[in-house]
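The chain contents come next:
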Amino acid sequence: MPTEPHRTQVAIVGAGPAGLFLAHLLHRHGIESVIVETRSREEVEGTIRAGVLEQWTVDLMHDLGLGERMAREAHFHRGITLRFAGESHHLDFEALTGGKRVTVYPQHEVLKDLIAARLADGGTIHFGVRDVEMHDLGSDRPRVTYTDGDGEPGELRCDFVAGCDGSQGSARGHIEGRTEVQHLYPFGWLGILVEAPPSHHELIYARHERGFALLSTRSPEIQRLYLQCGPTDRAADYPDALIWSELHRRLETVDGWTLTEGRIFQKGVIGMRSFVCDRMQHGRLFLAGDAAHIVPPTGAKGLNLAVADAVYLSRGLECFYRTRSLEELGRYTETCLRRIWRAERFSWYMTNLLHTNPAEGPFEHRIRLADLDYVVHSPAAATALAENYVGLPLD
Ligand code: RFL
Ligand code: PHB
């Protein structure tokens, strides 16, 4: 027996950062939404991805009443360390940006907090659905159909559909007349999780002639590290001993700092690309987050950009339900793209600054070192990097 169609104001496809923040922002304005998500709750809450939150994302978590555990468990850093030519240079973002900090609070912890609070508020999230399809997006009565976890058909009748289904989702395919712009990098990242105490009190981004390395953290007991690798390398190509020797070489300094080793319990390769879809709306469908754009992880922008889209979309929807005018929603793409392209620029800049590119020669290598030297010695250059890293203010 087919289940009765469910009526809601906004059907949200995808329970990642974009979809979950959107649901909370809409709820704050008294707008109803229902989320459909293909993965199980356990998978969503267990997938290791981003680590760094921009200052305004942290402030938004608090505004939404979701910041309590983060305030207790996150790591708050004054800045980052840039390491090159065997030397470490600390950039004090707090001093350079008038008090903004780097917050390391893993994406899956953010999602756990958002999911628990949404369900406690009486919100609906259908996990583990399949066959999700969007219909009648050009009309003012769009629909989303799916098969639920028990194999029963489901239908959401709504006013708007938010396509928050990530880079591999199908929502983007519905945006007619779109142009997609992409830039591929000739390298990837090998990411590992390690059982060890922190080796440093802040993130270290290192440029080395053997390639980039990044030291990050997850908890006092678990550390997250990345190594630049080939774009088609597989994690299995990297035995633990090779990973440690590369990390030691790329992170080593002349001042005797040492990297603490530990048991590697997870390894994975992450591809690197920059991608932007130049339209984020088709009729009543709006894209948000990775569904519309991708940045390489070097600038730590992806999650934050997804949340910014959710904020802009919630503003447009709030305006619609208050005034019945579609005008603000009509500006959604333009508003988002301005911030997206700034984040694309910064992520591309940080990536080129810190990685060795096999397609480049000694000239470009020296130019990157000169750029790093400029950033760590010029307050103007350091401030430009700092204000982008901690997050440009929302328009
Ligand atoms: P997500 O997180 O991919 O969520 C999309 C959700 O949609 C579901 N889905 C569907 N649901 C229903 N129907 C369908 N047809 C569906 N198809 C897919 C998926 O199961 C999923 O749950 O996209 P969203 O919400 O746009 O969020 C984007 C962020 O997840 C992403 O940009 C960040 O993780 C990027 N990123 C980082 N961002 C930061 O801001 N700071 C960082 O430090 C940072 N580090 C990283 C990163 C991404 C990484 N990887 C693995 C790509 C580090 C790494 C290693
Ligand atoms: C992380 O901790 O996973 C992380 C930190 C900084 C980045 C990317 C990823 O730029």
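Below: a short report on this structure. Within every chain, residues take consecutive numbers counted from 1 along the sequence as written. Here chains are named by letter from A upward and ligands by number from 1 upward, in the order in which they appear as written. Per-residue local features are limited, in this predicted model, to residues with pLDDT of at least 70; the limit for side-chain atom pairs, both in listing and counting, is 80 or more; totals at the level of whole chains, interfaces and linings are taken over all residues. Derived side-chain values reflect all non-hydrogen atoms in the structure, with water molecules and hydrogen atoms excluded from consideration.

1. With respect to the overall build of the protein
Our working rule: For helices the rule is a DSSP run of H or I covering at least 4 residues; for strands it is a run of E covering at least 2, with both sets numbered from the N terminus onward. For this measure, only C-alpha atoms enter the radius of gyration; the expected value for a globule follows 2.2 Å times N^0.38, where N is the number of residues. Whether a residue is buried, partly exposed or exposed follows from its accessible area with a 1.4 Å probe, protein chains only, as a fraction of its type maximum: under 20%, in between, or over 50%, in that order. Method for areas: the Shrake-Rupley scheme with a 1.4 Å probe, in which residue coverage is limited to the protein chains shown. Only four residue types enter the charge count, namely Lys and Arg as positive and Asp and Glu as negative; His and the chain termini do not. Note on charges: their place is set at NZ of Lys, CZ of Arg, CG of Asp or CD of Glu.
Along the backbone of the protein there are 12 helices and 23 strands. Here the protein has a C-alpha radius of gyration of 22 Å; the compact-globule value for 395 residues is 21 Å, and the two agree. Overall, the C-alpha framework of the protein stretches about 70 × 40 × 40 Å when taken along its three principal axes. For the protein, the proportion of its 395 residues judged to be buried stands at 55%. Of the roughly 16,900 Å² that the protein leaves accessible, carbon and sulfur atoms contribute 49%. Between the averaged position of the 42 positive side-chain charges in the protein and that of its 54 negative side-chain charges there is a distance of 2 Å.

2. Examining the nonpolar core
Considering soluble globular proteins, one finds that nonpolar side chains tend to be buried as a cluster. Our working definition: Here the nonpolar core consists of buried residues drawn from Ala, Val, Leu, Ile, Met, Phe, Trp, Tyr and Cys, with membership extended through side-chain atoms lying within 4.5 Å. Residue contacts are counted whenever heavy atoms from the two residues lie within 4.5 Å of one another.
One finds V10, I12 and F21 to be the most contacted residues of the largest nonpolar core, which totals 76 residues. In terms of residue count, the dominant contributor to this core is helix α8 (residues 302-323) (12 residues). Residues contacting V10, with those up to four places away along its chain left out, are L26, I31, E32, S33, V34, C158, F160, A162, L317 and Y321. In this structure, V52, F84, L372 and A386 belong to the second largest nonpolar core, which totals 32 residues.

3. Points about the pattern of salt bridges
Under the convention used in this document: The working definition used for a salt bridge is a side-chain nitrogen of Lys or Arg within 4 Å of a carboxyl oxygen of Asp or Glu.
If you walk through the whole model with that rule in mind, you get 30 salt bridges. Two residues, E45 and R41, come together in a salt bridge whose shortest N-O distance is 3.1 Å. Note that E45 and R41 are positioned in helix α2 (residues 41-46) at a spacing of 4 residues, about one turn of the helix. Two residues, E73 and R72, come together in a salt bridge whose shortest N-O distance is 4.0 Å. Given a relative accessible area of 40%, E73 falls into the partly exposed group.

4. Quick notes on the sheet that holds strand β4 (residues 52-53)
Operational definition: For two strands to pair, DSSP has to find at least two bridges joining them.
Strand order in the open sheet made by the 3 strands is β4-β8-β5, with antiparallel pairing throughout. The two strands at the open ends of the sheet, each matched to only one other strand, are β4 and β5 (75-77). Pairing of β4 with strand β8 (residues 102-104) involves 2 bridges; the strand directions are antiparallel. Bridge assignment links L53 to a residue of β8, and that residue is T103.

5. Comments concerning the site of ligand 1
How we decide: Here a residue is near a molecule or strand as soon as one of its heavy atoms is found within 4 Å of it. A 3.5 Å cut-off defines polar contacts: any pair of N or O atoms within that distance qualifies, except that in protein one atom must be a possible hydrogen donor and the other a possible acceptor, and neighbouring residues in sequence count only when both atoms are side-chain atoms. Here the term charged refers only to Asp, Glu, Lys and Arg, the term nonpolar to Ala, Val, Leu, Ile, Met, Phe, Trp, Tyr, Cys and Pro, and the term polar to all other amino acids, Gly among them. Per the annotation, domain bounds derive from an automatic or database assignment of domains.
In the vicinity of ligand 1 lie 29 residues, with A18, E37, Q107, D290 and L303 positioned nearest. Contact distances for ligand 1 include 2.9 Å between an oxygen atom and a backbone N or O atom of A18. Within the residue set of the shell around ligand 1, elements represented by two or more residues are α1 (17-28), β18 (222-229) and α8. Among the elements that make up the shell around ligand 1, the one with the highest residue count is α8 (4 residues). For the shell around ligand 1, the per-class residue count stands at 13 nonpolar, 9 polar and 7 charged. Here the shell around ligand 1 spans two domains, and each of domain 1 (6-74 + 105-180 + 274-346) and domain 2 (80-103 + 185-272 + 358-390) adds at least three residues to it.

6. Quick look at the site of ligand 2
Close to ligand 2 lie 14 residues; Y205, S216, R218, Y226 and P297 are nearest. Backbone polar atom of P297 to an oxygen atom of ligand 2: 2.9 Å apart, as the coordinates give it. In the environment of ligand 2, an oxygen atom lies 3.1 Å from a nitrogen or oxygen atom belonging to the backbone of T298. Contact with the protein chains removes 97% of the 280 Å² of surface that ligand 2 exposes when unbound. Contributions of two or more residues to the shell around ligand 2 are made by β17 (213-217) and β18. Considering only residue class, the shell around ligand 2 consists of 8 nonpolar, 3 polar and 3 charged. If you count residues domain by domain, the shell around ligand 2 takes at least three from each of domain 1 (6-74 + 105-180 + 274-346) and domain 2 (80-103 + 185-272 + 358-390).

7. Observations regarding the layout of surface pockets
Take a probe with the size of a water molecule and roll it over the atoms, and the empty space left behind shows itself. Here is the rule we go by: Grid points spaced at 1 Å and placed over the protein atoms alone form the basis of the search, with a cavity being a set where a 1.4 Å probe fits but cannot get out and a pocket an open set showing protein on both sides within 12 Å along at least five of seven lines. Lining residues have an atom within 4 Å of a point. Grid points are joined across faces, edges and corners, and a volume is the space filled by probe spheres set on the points.
Here the second largest pocket defines a volume of roughly 200 Å³. In terms of lining, the second largest pocket is formed by 15 residues, of which the most central are P106, H108, E109, R218 and S219. Tallied by class, the residues present in the lining of the second largest pocket amount to 8 nonpolar, 4 polar and 3 charged. Looking at which domains feed residues into the lining of the second largest pocket, each of domain 1 (6-74 + 105-180 + 274-346) and domain 2 (80-103 + 185-272 + 358-390) supplies at least three.

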